[in-house]
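What follows is the residue order along each chain.
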Amino acid sequence: MRLKVKAVPIKACIRTVCTSSRVDKSLAKWYQSLWQPKGNEPPYDHVVQLGDPVLRVPANLIPEKELKSPEVQYLVKHLVKVMRSYKCVGLAAPQLGLPLRAFVMEFKEELRDQYTKADYKLREMEPLPLTVFLNPELKVLNYEKVTHTEACESVRGYRADVARYREIMIKGFDASGEPKELQLKGWNARIAQHEMDHLNGIVYTDLMNRKTFTCSCWQAVNANNGRIKLSFANK
C-alpha cells in the first residue's frame, strides 16, 4: 500500500522545529521547551527516541526542484555524519527530527568480523557502499519473509526479532538529485525496509515478535547490580 505524503519546502523544514502538520505545533513547541536547550533545532546531532512525535507521522516528500539544493545536500551529509558517529548501518531523516523522505545506508566490509562465518551467511549479509535515497519508493520482489534480530538507534538499548521480505527494489533519487533504483536482498534489503518504515511513521517494535523484545544489556545490568547508565548520545 502506498501512503499519501505531501511535499513541503525543505528550507522551512530545516529552519524550524517541524514535527508535522498533524501535530499541534504550539503544543509540540511547549513540550520541547521543557527539556530542549534553546537553539537546538533539527537536524539534530543525536538520534531522537521513541515517543518523539516525529517518529509517528508519514514523512513529507522533498519537492523535486529542491533535491539539488544546498539544504538537501546539507541534510544528506549530516545524515551520513550521524550514522557513522553512531556506528549504525542506516539512518532516516525523521530520526534526526526532520519529517522528510530521505535515508542513508552503509554496511561496511569490516563489519564481517563482528559475526561468525555461519551467521554472516545465514543473514545473507554482504557489503553495501554508502547509499543515499531521497523520496524513495519500495517494491517487493520476493514476498518470502525471513526473521532475524533487529535493533534501532531510536529504541536504544533493546532488540527483537522482525520478519522482513527477502528481496526488494528501491526507486527514488540519489544524493545528487538524479533518478536511482537499487535491487537489494537479504540483510541489505532488511536495512532498507527498516529505514523505509521510519519514513512511514513505523518503528520495528510495531512489527516485532513481542516475546523476543529484549534489553540488549540485561547481563551487564545484573553484573553491575543495576548500576548501568544508558546514553542516548553517540559517545
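The structure displayed is predicted, hence computed values, not measured ones.

Colleague: Explain the overall build of the chain here, please?
Modeller: Summing up its helical and strand segments, the chain has 6 helices and 6 strands in all. Element order for the chain, N to C, with α for helix and β for strand: α-α-α-β-β-α-β-β-β-α-β-α. A total of 235 residues make up the chain; the buried ones form 46% of that total. Across the chain, contacts joining residues at least 24 apart in sequence account for 72% of those joining residues at least 6 apart. Roughly 13200 Å² of accessible area belongs to the chain as shown, and the carbon and sulfur atoms make up 52% of that amount.

Colleague: Sorry if this is basic, but what is going on with the environment of Gly-157 here?
Modeller: Within the secondary structure, Gly-157 sits in the loop between strand S3 (128–151) and strand S4 (158–173). By relative accessible area, Gly-157 is classed as buried at 13%. Between the C-alpha atom of Gly-157 and that of Cys-215, which follows or precedes it by 58 residues, the distance is 5.7 Å. Setting aside anything within four residues of it in sequence, one finds Gly-157 in contact with Thr-214, Cys-215, Ser-216, Cys-217 and Leu-230.

Colleague: Whenever I open this one, the nonpolar core confuses me. Can you help?
Modeller: Across soluble globular proteins, nonpolar side chains show a tendency to be buried alongside one another. Residues Ile-62, Leu-75, Leu-79, Leu-91, Ala-102, Val-104 and Leu-134 are the most contacted members of the largest nonpolar core, which totals 22 residues. Breaking this core down by element, the ones donating at least two residues are helix H3 (70–86), strand S2 (102–107) and S3. Considering every element that reaches this core, the biggest residue donor is H3, with 8 residues. Not counting residues within four places of it along the chain, the set of residues in contact with Ala-102 comprises Ile-62, Leu-75, Leu-79, Ala-92, Ala-93, Phe-133, Leu-134 and Leu-199. Of all hydrophobic cores here, the second largest spans 19 residues; its members include Met-105, Leu-128, Phe-133 and Met-196.

Rules used in this analysis
Residue positions within a chain follow its written sequence, with the count starting from 1. Where local features are concerned, this predicted model is filtered to residues with pLDDT of at least 70; where side-chain atom pairs are given and counted, the filter is 80 or more; whole-chain, interface and lining totals use all residues. To obtain the side-chain values, all non-hydrogen atoms of the structure were included, while hydrogens and water were left out. Strands are runs of DSSP state E lasting at least 2 residues, helices are runs of H or I lasting at least 4, and numbering of each runs from the N terminus. For each residue, the accessible area found with a 1.4 Å probe, counting protein chains only, is set against the maximum for its type, and the residue is called buried under 20%, exposed over 50%, and partly exposed in between. Every residue pair with non-hydrogen atoms within 4.5 Å of one another is taken to be in contact. Working definition of accessibility: Shrake-Rupley area with a 1.4 Å probe, residue cover restricted to the visible protein chains. Take the buried residues of types Ala, Val, Leu, Ile, Met, Phe, Trp, Tyr and Cys, join any two whose side-chain atoms come within 4.5 Å, and each joined set is a nonpolar core.

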